[in-house]
Amino acid sequence: MREESDSAVSQFGVSPASSMQQIVSVWVRDPRIRKNDFWHAYIDYEICLHTDSVCFTKKISSVRRRYSEFVWLRQKLQANSMLMVQLPALPPKNPFFSLNNAQQITERMKGLQRFLEKIVQNPLLLSDSCLHLFLQSQLSVSKIQACAAGRTHYSVAQAVKSCGLRRFHSEEDLQKDLSMSCDSDSDSSECRDPEPRIKDLTIIKSQSAGLLDLMGSSQEESLSSSSGST
């Protein structure tokens, strides 16, 4: 496990000195209902990252993750850090969590953001390849583990670079979009029309559609294609 963290130090150039003066901003937003089948559904969240830190291969990225993947990440980071770091808590599991309860979804989303905000400020955790793949790739958790351990035909950096990117036109556009989308930076528990956004099963994109340009296709198709051509 330790090898995964050590490999990221050289790969991402992470050191306490280099990461102290740089900014890493992360948002958890835009909850959407996904259906596995007629009976089973879950919610995933968009993770937007904007940074000038040399620790990250990409300076702007956007991926989607569900709650269970956050639970896996915390367990993995704790194991890889050899208990040298006390990780922040995740919002607790709720046996009565409802996909139709806007307040529960918003509270969980804010808790996930607080968790990531603390994680990305820790230089030791920033040296973990699993964190980078979680934040900046579309790989499943099993493939994140395999990639971080060097058991895939693509490297961590290749997986990150191949990830489709929603590109924000500017910092101002990003901030405006997040404020309109009930992001968890808000000091208030209220936001613009939160319940219709979350309760409506279609969960339509808000005005952010005009600000975001979806680039790239499926990451795994891209990785397979690049591998086949080499």
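Note that residues are indexed from 1 along each chain, following the sequence as it is written. With the structure being a predicted model, the display of local features is reserved for residues of pLDDT at least 70 and the display and counting of side-chain atom pairs for 80 or more, all residues being used for whole-chain, interface and lining totals. To obtain the side-chain values, all non-hydrogen atoms of the structure were used and water was disregarded.

**Topic: the overall build of the chain**
Here comes step 1: Counting from the N terminus, the helices are DSSP H or I runs at least four residues long and the strands are E runs at least two residues long. For the chain, the count of helices and strands is 10 helices and 5 strands.
Here comes step 2: Evaluated residue by residue, the chain yields a buried proportion of 48% over its 230 residues.
Here comes step 3: Long-range pairs, those at least 24 residues apart, make up 68% of the contacts in the chain between residues at least 6 apart in sequence.
Here comes step 4: The accessible surface values rely on the Shrake-Rupley method and a 1.4 Å probe; as for residues, cover is taken only from the protein chains in view. A total accessible area of about 11,800 Å² is found for the chain, and carbon and sulfur atoms account for 52% of it. Relative accessible area decides the class of each residue, using a 1.4 Å probe on protein chains only: under 20% of the type maximum gives buried, over 50% gives exposed, and in between gives partly exposed. Two residues form a contact once any of their heavy atoms are found within 4.5 Å.

**Here we look at helix H5 (residues 129–136)**
Here comes step 1: The element H5 is largely enclosed, with a buried count of 8 among its 8 residues.
Here comes step 2: Turning to H5, its buried residues are Ser129, Cys130, Leu131, His132, Leu133, Phe134, Leu135 and Gln136.
Here comes step 3: In protein, a polar contact requires one atom able to donate a hydrogen and another able to accept it; more generally it is a pair of N or O atoms within 3.5 Å, and residues adjacent in sequence count only if both atoms are side-chain atoms. For H5, the N-terminal cap is Asp128; the gap from its side-chain oxygen to the backbone nitrogen of Cys130 is 2.8 Å.

**As for helix H6 (residues 141–148)**
Here comes step 1: Looking at H6, one finds that the buried residues are Ile144, Ala146, Cys147 and Ala148.
Here comes step 2: One or two residues past the end of H6 sits Gly150, with phi positive at roughly 80°.

**A closer look at the side chain of Ser127**
Here comes step 1: Mapping Ser127 onto the fold places it in the loop between helix H4 (102–119) and H5.
Here comes step 2: For Ser127, the side chain forms a polar contact with the main-chain oxygen of Leu124, separated by 2.6 Å.

**Concerning unusual backbone geometry**
Here comes step 1: Backbone geometry at Asp30 places phi at a positive 50°, although glycine is not the residue there.
Here comes step 2: Note that Asp30 resides in strand E1 (residues 24–35).

**Observations concerning the packing of H5 against H6**
A pair of packed helices is characterised by two quantities: the angle between their axes and the separation of those axes.
Here comes step 1: Two elements in contact, H5 and H6, have axes separated by 9 Å at closest approach and are oriented at 140°. Taken together, the axis directions place H5 and H6 in an arrangement best described as oblique. The chirality of how H5 crosses H6 is right-handed. On H6, the residues touching Ser129, Cys130, Leu133 and Phe134 of H5 are Ile144, Cys147 and Ala148.
Here comes step 2: Taken together, the residues of the contact of H5 with H6 sort by class into 6 nonpolar, 1 polar and no charged. Between N-to-C directions, angles cover 0 to 180 degrees, with each direction set by a line fitted to C-alpha atoms, over the stretch in contact for helices. Oblique is the label for any angle not covered by the other classes, which are roughly parallel (under 35 degrees), roughly antiparallel (over 145) and roughly perpendicular (65 to 115). Take the far helix as your reference; a near helix turned counterclockwise from it by less than a right angle gives a left-handed crossing, and one turned clockwise gives a right-handed crossing. Think of it as three bins: nonpolar holds Ala, Val, Leu, Ile, Met, Phe, Trp, Tyr, Cys and Pro, charged holds Asp, Glu, Lys and Arg, and polar takes everything else, Gly as well.

**Considerations on the confidence of the model for the chain**
Here comes step 1: Taken over all residues, the pLDDT of the chain has a mean of 74, while the share at 70 or more is 62%.
Here comes step 2: Confidence of the predictor in every single residue is expressed as pLDDT, which spans 0 to 100. Mean pLDDT across the elements of the chain ranges from a minimum in strand E5 (residues 212–215), with 38, to a maximum in H5, with 97.
Here comes step 3: Predicted confidence is poor over residues 173–220, with pLDDT under 50, and the contacts of this stretch with residues over four places away or in other chains come to 80 contacts.

**Side note on the pairing of strand E3 (residues 60–66)**
Here comes step 1: Burial analysis of E3 places 5 of its 7 residues in the buried class, which makes it a mostly covered element.
Here comes step 2: As defined by bridge partners, strand E2 (residues 41–51) adjoins E3 across 7 bridges and the pair is classed as antiparallel. What sits directly across from Asp44, in E3, is Arg66. By definition, two strands form a pair when at least two bridges between them are found by DSSP.

**Overview of the packing of helix H3 (residues 67–80) against H5**
Here comes step 1: Where H3 meets H5, the closest approach of the two axes is 9 Å, and the angle between their N-to-C directions is 160°. One finds that H3 runs roughly antiparallel with respect to H5. Here H3 runs over H5; the crossing is left-handed. Each of Glu69, Phe70, Trp72, Leu73, Lys76, Leu77 and Asn80 in H3 lies in contact with H5, whose residues at this interface are Cys130, Leu131 and Phe134.
Here comes step 2: Tallied by class, the residues present in the contact of H3 with H5 amount to 7 nonpolar, 1 polar and 2 charged.

**A closer look at the sheet that holds E3**
Here comes step 1: Taken in spatial order, the 3 strands of this open sheet run E1-E2-E3, and their pairing is antiparallel. The strands lining the two open edges of the sheet, one partner per strand, are E1 and E3. When strand polarity is set aside, the average angle formed by the axes of neighbouring strands in this sheet is 20°.
Here comes step 2: Pairing of E1 with E2, which is carried by 10 bridges, proceeds in the antiparallel orientation.

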